[in-house]
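# Results of the structural survey
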Amino acid sequence: SFSSIVIKSRIADYYRHEGRHSGEMCVEPEVFDGEVEEDDPEAAGKMQIAFAASAKSDTSARDEIEAINITLKEYGISFFELAACSPKKDKAKHDCAKAAAAMLRNRALIERMRRTRLFPMAEIMKITGLPRKILENHRKYLIAAVEIMDGDYPVISEYMNYIREEMGS
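Okay, so let's go over this structure. Fair warning: this is a prediction, and the values are worked out from it, not measured in the lab.

## Details of the pattern of salt bridges
Within this structure, the stated rule accounts for 10 salt bridges. With its nearest N and O atoms 2.7 Å apart, the salt bridge here joins E74 to R117. Placement of the pair is E74 in the loop between α3 (60-73) and α4 (82-85) and R117 in the loop between α6 (107-116) and α7 (121-128), with a sequence separation of 43 residues. Since its relative accessible area comes to 30%, R117 is described here as partly exposed. E111 is the salt-bridge partner of R107, the closest N and O atoms lying 3.3 Å from each other. Here R107 pairs with E111, and both are found in helix α6, just 4 residues apart, close to one helical turn. Classification of R107 as partly exposed rests on a relative accessible area of 42%. Salt bridges sharing partners connect three or more residues here, namely R107, E111, R114, E147 and D150.

## Remarks on the packing of helix α5 (residues 90-105) against helix α11 (residues 161-168)
Where α5 meets α11, the closest approach of the two axes is 8 Å, and the angle between their N-to-C directions is 65°. As for how α5 packs across α11, the hand of that crossing is right-handed. Contacts between α5 and α11 involve K93, H94, A97, K98, A100, A101, L104 and R105 from the first element and Y162, I163, E166 and M167 from the second.

Quick notes on the rules
- Residues numbered from 1 in each chain as written.
- Predicted model: local features only at pLDDT ≥ 70, side-chain atom pairs only at ≥ 80, totals over all residues.
- Heavy atoms only, no water.
- Salt bridge = Lys/Arg side-chain N within 4 Å of Asp/Glu carboxyl O.
- Helix = DSSP H or I, 4+ residues; strand = E, 2+ residues; numbered from the N terminus.
- Buried < 20%, exposed > 50% of the residue type's maximum accessible area, 1.4 Å probe, protein only.
- Axes fitted to C-alpha atoms, helices over the stretch in contact; angles between N-to-C directions.
- Left-handed = near helix turned anticlockwise from the far one by under 90°.
- Contact = heavy atoms within 4.5 Å.

Set out below in C-alpha cells:
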C-alpha cells in the first residue's frame, strides 16, 4: 500500500511538472521571419507568433533598471545586492515603508543623502521612532527605494506602491 501511494504521488508530480509545457507549440524557425503557409492547420497561431516576434519589445523597464543601477553604483550598491537586503517580513516591509516615506517627505534629507552618499540614520530614527537595527539591516534597500521613488522611474516605482500608501497615511 505504501508503494502504491509513492507511485501515485510521483506520477502526479510528473504530470504537474510537465503541465507547464502544455501551452507550448512547436514552430519552424521560418515563422519568426514571418513566413507562414496559409494551408497549415496551425496558421493562425503561427501568424500570432510571427506578429509578436516582429513587434518591437518594450525596453522601458530595462532602461530604468540600467539607469537606477548607475545611480546605485554611486552609493556602492549593485542592483542585485538589493535582493539580500530587501525586507522579507510584513513588519519589516512596513517599517521600511515608514522610513522611506519619512525620507521622501523631507527634501533636505534626500539632498543630504545624495551629497554625502550616506543614509541619514539618526534623523530617520528621530522622525519615525524606528530602531537602528532595522534601518541598518535595510540601509541599501532604503537608499534604493528613495532614489527610485524620488527619481524618474515610473515602471520600477510601481512595485513600491506600499511606500506610496504609507506616504498617504
